[in-house]
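# Commentary on secondary and tertiary structure
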Amino acid sequence: MSAGTKQRVTIPVSGMHCAACVTKVEKALEDVAGVSKAQANLAAANAGLVCDVEQLSLPQVEEAVRDIGYQVPWERLELLVLGMMGSHCQEIIERAVGALPGVVRVSVTPATDSATVEFAGSLTSAAQIKRTIRELGYQVSDKGTGDSALDQERHARQSEIRAQLINLAWATPLGLVIMIGTFRGYWILADFLPAFLGNKYFLFALTTPVVAGPARQFFVHSWNGLRRGLTDMNLLYATGIGAAYTIAVINTFWPDAGFGGRDATFYESAALLTWFIVLGRYLEALTRGRTSEAIRKLMRLQPKIARVLRDGREEEIPADEVEVGDICLVRPGESIPVDGTVLEGYSAVDESMITGESLPVEKQTGDTVIGGTINKTGAFRFRATQVGRETALAQIIRLVEDAQATKAPIQKLADTVAGHFILGVHALALAVFLFWFFAGFGLWFESGSRLIMSPYRLTEVGVFGFALLMSVAVLIISCPCAVGLATPAAIMGGSGIGAEHGILFKGADAIEATSKLQTIIFDKTGTLTKGEPSVTDVIALDGARDEVLRLAAVVDKNSEHPLGEAIVRGARERGLTVADAESFNAIPGHGVEAAHEGRALLLGNRKLLADRTIELGALAGEAERLEHEGKTAMFLAVDGRAAGIVAVADTLKPSTARAVQELRRMAIEVVMITGDNRRTAEAIARQLGIDRVLAEVLPQDKAVEVKRLQAEGRRVAMVGDGINDAPALAQADVGIAMGAGTDVAKETGQVILVKDDLLDVVAAVQTAKFTMRRVRQNLTWAFGYNTLTIPIAAGLLYPFIHQVVSPELAAMLMALSSLSVTLNSIAMRGWRPRIRRGGGPAVPEQPIAAERLPAPAGGSS
Amino acid sequence: MPTTHRAAIISATIYVGVSLGAASTFLLITVLTGDYGWVPRLGGAVWVFVLSMIILMPVVIPRVKKGVANPPRAVRN
């Protein structure tokens, strides 16, 4: 790649907790040389960089992220390298591997024959690293302890869970004792709790380790951010906990300082605030990983071992070392290691994990097999055609990961709001402090006011203590964690559901756009229909229909036109013998003439018969009827007299009618685009109940038609085969490419359907709508929580109820809001698109009109 | 002086200066307008200073960084 070329690179980032963290990471990454744009994703725990790879230094990227308190869990490879003779070999390997794009650090130890490589999986692969070492002349194999992206992600999450669990184990008993001690003077507790528990110095001794231990992370992270001009919710926690603790210390050691006196020590606030935040983080870390279960499932599918034939011997090698052209052997029950073409054998393969197809698919010589699918019954051999990062499974994983690393437009708004939120909240906290200090306290304060969820009455609190309390409550209650999680958590769930059903959304914006579709345009041939015409009617003037079909097939036997081939195939399917004609002459645009068994045969359109002055008689009416039904009628004349008609039509796919019905039920306008003449096209549309027909459209004009519909103000999707329809797919708001098979990454369009099944178009729309419904629910909950609780914390209700939100109540509400958003997203698991929940009878195959084609040998369009 | 160091000093001067100004203004108002003790006056001034710093640091630092990295060019007539 030349210098200056922009490339998208995804790096793992762990430790982010809210939208403010996302903004902080993005800003830090955008400061790194070579990075022009950074997009962090909270739920996927990664960041996408648009960067100049030549200029990009991954250690600098890592340093920038670590500096602000987050981690970069690179993929890690532990290798056994044999053949090293000393430090020179070490240097060669380190230099060669270190020069690979994406390698962050490499360490070779000749004494133990080992090498450790950390790398960015989006830029290089374990196979490429091993190949590089092998090419240097060393033997290399996995030590078995290497960490894939999946392992790294799991390790990073587990270490976060462990860290928060330790914090929780630290804060829970101390917090409990502090709370009991604080409440000792109430109810009957004083009768059986020892007095020292309520001693302020004892409470100070217990609270200090909580603030210095589990709460330390908030102070460190917020200071690291502030130094670089970045803020996140750690700052809210730090100021909240710091203020509560400072007041408590002042009231303990200098009770007459006017901060509320010895009875208003907020030790339990500082401790419980820490406890709630740590508990929230622990539960979030525990549950957040589950929203990305789908990608984990896909990664788990990646086979580890392949059996290949090398030098005539069967060898077991790591699956990522299979090369294109290798012959692989697969036994019943085994995973297929890479993509390939069956050479020998017969079996049924379970492809449900890739395509969503529930029934095993039969495979025989010449068929394509997909790596990661499971062989069920027989054994077979196949030739590897796509390996390593090129396999369908690897491409799907990359697509889903990329999709999860992108942001939906709705999320960008949420992130912007949340990014500015922290500053806004601090400004609000300052305003609240000034208001209650200079005006509110004098106007409304009543001694004896209560703190909700706290034993205190604010009898001794002064103007500063009261205003500070209001200000701190605003800081704590306003954390935008829920806002930051709302969209990415649901998008991860939605893209995962899609992947499970063979529907790949190329980004969060694709999900959002698909959910808003008003019109879906289907290309007729190959999309609504099988694209393969077949004989539907045979009419004979003398009643000998088989003879008419046989003679028509004889005429067309040498034709390469699809309609001609359909007639020959139709005759053979009916058991007729199709002999060779003695002579054959194609009349371009009209038909074909031939001689057979001493008879002159003519097969073609009306014009051909008119040119030869052959009377159609009763056949004229029949032909009109057939054409009205959307079929192509071809006339057969024998020895200068009309003998019959053979009608040919394309065949609808089995799922077409149901898909169209379902889309219409969802109030989506269905449009068919075709090169057919209008009468034929409308006949098909009538059969399917299609709303609008765009007929006689040349392939190159399809994009123009899409544009025209968009100009009507409609949000339009185009469904096509992804290659021929590329311009129209690109023009549409959402391009849906069908039947990608093993080439998912090559397809144009924002939505890629692995299977060639129209019901997946419906499933894609249903999945997108469901996902965006969850996004909206999450955002409503997250913003609703802040909208409702901030004014209460700021003391809006105080003049009426004389109660103040205590810091610990604020912390509990904050933790609950982000937990509810995460749980709402986890609840997406197990959901299936309505169209895929069974029910709905299969619609039998229906013949329809053939595409408008240049007149075949004997065509009659 | 390296650009980053220069940017850090300029921004620190701005946010500390403005925050001190805000805290002093707070102090002055409490002295002039109300019957406040010295604890609320000083405590309040410290809190105003802390919050002002927190609000100003993320606003000032990136702008100064940008300004130092891309100084406006002199226009020649």
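How each quantity is defined
- Residue numbers run consecutively from 1 along every chain, following the written order of its sequence.
- Throughout, the order in which chains and ligands are written sets their labels, letters from A for the former and numbers from 1 for the latter.
- This being a predicted model, a pLDDT of at least 70 is required before a residue's local features are given, and a value of 80 or more before pairs of side-chain atoms are given or counted; all residues contribute to the totals for chains, interfaces and linings.
- Hydrogens and waters are ignored; side-chain quantities use all the structure's heavy atoms.
- A run of DSSP states H or I qualifies as a helix once it reaches four residues; a run of E qualifies as a strand once it reaches two. Both are numbered from the N-terminal end.
- Relative accessibility thresholds used throughout: buried, under 20% of the residue-type maximum; exposed, over 50%; partly exposed, between the two (1.4 Å probe, protein chains only).
- We call two residues in contact when some of their heavy atoms are within 4.5 Å.
- Throughout, the Shrake-Rupley method with a 1.4 Å probe supplies accessible areas, and for residues the shown protein chains are the sole cover considered.
- Strands are treated as partners if at least two bridges between them are detected by DSSP.
- Convention adopted: a line fitted to C-alpha atoms gives each axis, helices being fitted over their contacting stretch, and angles between N-to-C directions are expressed from 0 to 180 degrees.
- Two parts lose some accessible area (1.4 Å probe) when they are put together, and adding that loss for both gives the buried area.
- The definition of a polar contact used here is a pair of N or O atoms within 3.5 Å, where within protein one atom must be able to donate a hydrogen and the other to accept one, and adjacent residues in sequence count solely through side-chain atom pairs.
- Note on residue categories: nonpolar means Ala, Val, Leu, Ile, Met, Phe, Trp, Tyr, Cys or Pro, charged means Asp, Glu, Lys or Arg, and polar means any other residue, Gly included.
- Between Lys or Arg on one side and Asp or Glu on the other, a salt bridge is scored when a side-chain nitrogen of the former is within 4 Å of a carboxyl oxygen of the latter.
- Directions drawn from the helix axis to the C-beta atoms are what define this arc.
- Oblique is the label for every angle not falling under 35 degrees (roughly parallel), over 145 degrees (roughly antiparallel), or within 65 to 115 degrees (roughly perpendicular).
- The predictor rates its confidence in each residue with pLDDT, a number between 0 and 100.
- Classification of ring pairs rests on two measures: the distance between centres of Phe, Tyr or Trp rings, Trp counted by its six-membered ring, which must be within 6.5 Å, and the angle between planes, read as stacked under 30 degrees, edge-to-face over 60 and tilted in between.

### Observations regarding the overall build of chain A
For chain A, the count of helices and strands is 29 helices and 31 strands. Evaluated residue by residue, chain A yields a buried proportion of 59% over its 861 residues. Long-range contacts, defined as pairs at least 24 residues apart, comprise 71% of the intrachain contacts of chain A with a sequence gap of at least 6. Within the structure as shown, chain A displays about 33600 Å² of accessible surface, and the carbon and sulfur contribution to it stands at 55%.

### Observations regarding the sheet that holds strand β20 (residues 534-540) of chain A
All names here are of chain A. Overall, antiparallel pairing links the 6 strands, which are arranged β20-β25-β24-β23-β22-β21 in an open sheet. Looking along the sheet, the strands with just one partner apiece sit at the ends: β20 and β21 (583-587). The average angle at which neighbouring strand axes cross in this sheet is 20 degrees, direction not considered. Sheet topology places strand β22 (residues 591-596) next to strand β23 (residues 599-604); 6 bridges connect them, and they run antiparallel.

### Quick notes on the sheet that holds strand β1 (residues 6-12) of chain A
Residue and element names in this part refer to chain A. Here 3 strands make up an open sheet; going across it, the order is β1-β3-β2 and the pairing antiparallel. Looking at which strands have only one partner, the edges of the open sheet turn out to be β1 and β2 (35-41). Strand-to-strand, the axes of this sheet are offset by a mean angle of 20 degrees, without reference to chain direction. Bridging between β2 and strand β3 (residues 46-52) involves 6 bridges; their strand directions are antiparallel. Looking across to β3, one finds that Ala38 is bridged to Leu49.

### Quick notes on the interface of chain B and chain A
Opposite the 20 residues of chain B that make contact, chain A presents 28 residues. Contact between chain B and chain A buries roughly 1900 Å² in total, counting both sides, with carbon and sulfur atoms accounting for 83%. Our enumeration of links across chain B and chain A arrives at 2 residue pairs in polar contact (both at pLDDT 80 or more). Elements represented by at least two residues in the side of chain B that touches chain A include exactly α1 (3-33) and α2 (38-69) of chain B. Ranked by residues supplied to the side of chain B that touches chain A, first place goes to α2(B) with 16 residues. For the side of chain B that touches chain A, the class distribution of residues is 15 nonpolar, 4 polar and 1 charged.

### What about the pattern of salt bridges?
Residue and element names in this part refer to chain A. Counted according to the given criterion, the structure contains 34 salt bridges over all chains. Asp691 is paired through a salt bridge with Arg664; the nearest N and O atoms lie 3.2 Å apart. Taken together, the positions of Asp691 in the loop between α24 (678-688) and β27 (692-694) and Arg664 in helix α23 (residues 656-665) put the pair 27 residues apart, joining distant regions of the chain. With a relative accessible area of 38%, Asp691 lands in the partly exposed category. Salt bridges here are not isolated pairs; linked through shared partners, they connect Glu62, Arg66, Arg76, Glu78, Arg105 and Glu118.

### Some remarks on the pairing of strand β10 (residues 327-330) of chain A
Residues and elements named next belong to chain A. Taking every second residue as pointing to the same face, both faces of β10 are buried, with Ile327 and Leu329 on one and Cys328 and Val330 on the other. Note: strand β8 (residues 305-310) against β10, 3 bridges, orientation antiparallel. Note that in β10 the partner of Arg307 across the bridge is Leu329. Direction of pairing for β10 relative to strand β16 (residues 380-386): antiparallel, over a ladder of 4 bridges. Counterpart to Ile327 in the pairing with β16 is Arg383.

### A few points about the environment of A:Gly604
Its location among the elements puts A:Gly604 in strand β23. C-alpha separation for the pair A:Gly604 and A:Ala637, spaced 33 residues apart in sequence, amounts to 8.7 Å.

### Quick notes on helix α22 (residues 619-628) of chain A
All names here are of chain A. Taken as a whole, α22 has its buried residues at Leu619, Ala623, Leu626 and Glu627. The arc that holds every buried residue of α22, seen down its axis, measures 95 degrees, which confines them to one face. Each element contacted by the buried residues of α22 is listed here: β20, α21 (606-611), β24 (632-638), β25 (641-649) and α24. Residue Gly630 follows α22 closely and has a positive phi angle near 90 degrees.

### Topic: the packing of helix α17 (residues 508-515) of chain A against helix α27 (residues 759-793) of chain A
Residue and element names in this part refer to chain A. Two elements in contact, α17 and α27, have axes separated by 8 Å at closest approach and are oriented at 100 degrees. With respect to their mutual orientation, α17 and α27 come out roughly perpendicular. Within the contact between the two elements, α17 uses Ile511, Glu512, Thr514 and Ser515 and α27 uses Ala764, Val765, Ala768, Lys769, Thr771 and Met772. Its residues placed into classes, the contact of α17 with α27 shows 5 nonpolar, 3 polar and 2 charged.

### Overview of the confidence of the model for chain B
Put simply, chain B has an average pLDDT of 83, and 83% of its residues get 70 or more. ipTM for the predicted complex: 0.91, alongside a pTM of 0.65.

### Considering the packing of aromatic side chains
Applying the stated criterion across every chain yields a total of 26 aromatic pairs over all chains. Taking 6.1 Å as the distance between ring centres and 55 degrees as the angle between the ring planes, the aromatic pair formed by A:Phe253 and A:Trp254 counts as tilted. Judged by its relative accessible area of 36%, A:Phe253 is partly exposed. Pairing A:Phe438 with B:Tyr36 gives two aromatic rings, centres 6.1 Å apart and planes at 85 degrees, and the pair type is edge-to-face. Of this pair, A:Phe438 sits in helix α14 (residues 409-444) while B:Tyr36 is found in the loop between α1 and α2, placing the two residues in two different chains. Note on A:Phe438: relative accessible area 30%, which makes it partly exposed. Among the residues examined, B:Tyr36 registers a relative accessible area of 15% and is labelled buried. Within the aromatic cluster, the residues linked to one another by ring pairs are A:Phe435, A:Trp436, A:Phe441, A:Trp444, A:Phe445, A:Phe466 and A:Tyr798.

### Focus on the environment of A:Met84
All names here are of chain A. Among the secondary structure elements, Met84 is positioned in the loop between β4 (75-82) and α3 (87-98). Taking the relative accessible area as the measure of exposure, Met84 reaches 11% and is therefore buried. The spatial distance from the C-alpha of Met84 to the C-alpha of Val108 is 9.8 Å, given a sequence separation of 24 residues. In contact with Met84, not counting residues within four places along its chain, are Cys89, Ile93, Val108, Thr109, Pro110, Asp113, Ser114 and Tyr138.

### Some thoughts on unusual backbone geometry
Residue and element names in this part refer to chain A. Phi is positive for Asp311, close to 55 degrees, though the residue is something other than glycine. Take Asp311: it is sitting in the loop between β8 and β9 (313-318). Within the chain, Ala667 stands out as a residue other than glycine whose phi angle is a positive 65 degrees. Note on placement: Ala667 falls in the loop between α23 and β26 (669-673). Judged by its relative accessible area of 67%, Ala667 falls in the exposed class.

### Brief notes about the pairing of β16(A)
Pairing analysis gives 6 bridges linking strand β11 (residues 339-345) of chain A to β16(A), with the strands arranged antiparallel. Paired with A:Val342 across the two strands is A:Phe382, which belongs to β16(A).

### Comments concerning the confidence of the model for chain A
Any segment with low pLDDT has predicted coordinates that should not be analysed in fine detail. Taken as a whole, chain A shows an average pLDDT of 80; of its residues, 84% reach a score of 70 or greater. Note that residues 839-861 of chain A has pLDDT below 50 and, in this model, 93 contacts with residues that lie over four places away or in other chains.

### Brief notes about α23(A)
Residues and elements named next belong to chain A. The buried fraction of α23 amounts to 7 of the 10 residues, a majority that puts the element mostly inside the structure. The secondary structure elements touched by the buried residues of α23 are β19 (519-523), α18 (524-528), β26, α24 and α27. Downstream of α23 by a residue or two, Ala667 has a phi angle that is positive, lying close to 65 degrees.

### Let's talk about the side chain of B:Ser11
Residues and elements named next belong to chain B. As for its position among the elements, Ser11 is in helix α1. In this structure the side chain of Ser11 is engaged in a polar contact, spanning 2.4 Å, whose partner is the backbone oxygen of Ala7. Reaching out from Ser11, the side chain makes a polar contact with the backbone oxygen of Ala8 at a distance of 3.4 Å. Sequence-distant contacts of Ser11, defined by excluding residues within four places in its chain, comprise Val60, Ile61 and Val64.

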